[in-house]
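# Report on the structure
Here is what each chain is made of, one letter per residue.
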Amino acid sequence: WIFNVKNIIESIPDIINFIFIVMMAALIIHSVMLNHNSPRFKRIYYLISSILGVYGIFVLIVLVINIYQILFQTIEGDQV
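Residues numbered from 1 in each chain as written. Predicted model: local features only at pLDDT ≥ 70, side-chain atom pairs only at ≥ 80, totals over all residues. Heavy atoms only, no water.

### Description of the overall build of the chain
- Each helix and strand in the chain was counted, giving three helices and zero strands.
- For the chain, the sequential pattern of α-helices and β-strands runs α-α-α.
- For the chain, with 80 residues in total, the buried portion stands at 9%.
- Summed over all atoms, the accessible surface of the chain reaches about 7,100 Å², with 72% contributed by carbon and sulfur. (Helix = DSSP H or I, 4+ residues; strand = E, 2+ residues; numbered from the N terminus. Buried < 20%, exposed > 50% of the residue type's maximum accessible area, 1.4 Å probe, protein only. Areas by Shrake-Rupley, 256 points an atom, 1.4 Å probe, with all protein chains shown as cover.)

Quick look at the structure:
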């Protein structure tokens, strides 16, 4: 196959981290260059901030689920 599905699935966290870093850099650049009279910069700034907020909530949910699974497995006596 041209595309190895296993490699693509394993590279998803790297892709998400890259997108996160790019969005953080864009947010920093826009916050430095933000002209308070320009609605275009404000819209981009709010859009990136909203996407990062949703991303943060998603990461928090995944972390809570993983912590719950680890604690549940430890209580049941299984090895992590």
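### Things to note about a nonpolar patch on the surface
- Together, V5, I9, I12 and I16 line one region of the surface with nonpolar side chains, adding up to about 350 Å² of accessible area.
- Broken down by secondary-structure element, the contributors of at least two residues to the nonpolar patch are α1 (5-10) and α2 (12-33).
- Within the secondary structure, I16 sits in helix α2. (Patch = residues over 30% accessible without salt bridge, like charges linked within 9 Å, V, L, I, M, F, W, Y side chains within 5 Å. Salt bridge = Lys/Arg side-chain N within 4 Å of Asp/Glu carboxyl O.)

### Overview of α2
- The end-to-end C-alpha distance of α2, which contains 22 residues, comes to 31 Å, matching closely the 32 Å that a straight helix rising 1.5 Å per residue would cover.
- Within the span of α2, buried status applies to M23, L27 and H30. On an axial view of α2, the arc spanned by its buried residues comes to 70 degrees, and they lie on one face. Opposite its buried face, α2 presents the exposed residues D14, F18, I21, I28 and V32, each directed more than 90 degrees away. (Expected span 1.5 Å × (residues − 1). Arc of directions from axis to C-beta.)

### Structural notes on the layout of surface pockets
- Roughly 170 Å³ of volume is contained in the largest pocket.
- Lining the largest pocket are P13, I16, N17, Y55, F58, V59, V62, L63 and N66.
- Among the elements of the structure, α2 and α3 (39-76) are those that each provide at least two residues to the lining of the largest pocket.
- Across the lining of the largest pocket, the residue classes break down as seven nonpolar, two polar and no charged. (1 Å grid on protein atoms, 1.4 Å probe; cavity = no way out; pocket = protein on both sides within 12 Å on 5 of 7 lines; lining within 4 Å. Points joined across faces, edges and corners; volume = space filled by probe spheres on them. Nonpolar A, V, L, I, M, F, W, Y, C, P; charged D, E, K, R; others polar.)

### Notes on the packing of aromatic side chains
- Counting across every chain of the model gives two aromatic pairs.
- With a centroid separation of 6.2 Å and an interplanar angle of 15 degrees, the aromatic rings of Y68 and F72 are classed as stacked. Of this pair, Y68 and F72 both sit in helix α3, four residues apart, roughly one helical turn. (Phe/Tyr/Trp six-rings, centres within 6.5 Å; stacked < 30°, edge-to-face > 60°.)

### Remarks on the environment of L27
- Checked against the element boundaries, L27 lands in helix α2.
- Once the C-alpha coordinates of L27 and L47 are considered, the two residues, 20 residues apart in sequence, prove to be 9.6 Å apart.
- Once you skip the residues sitting within four places of it in the chain, L27 turns out to touch Y45, I48, S49 and L52. (Contact = heavy atoms within 4.5 Å.)

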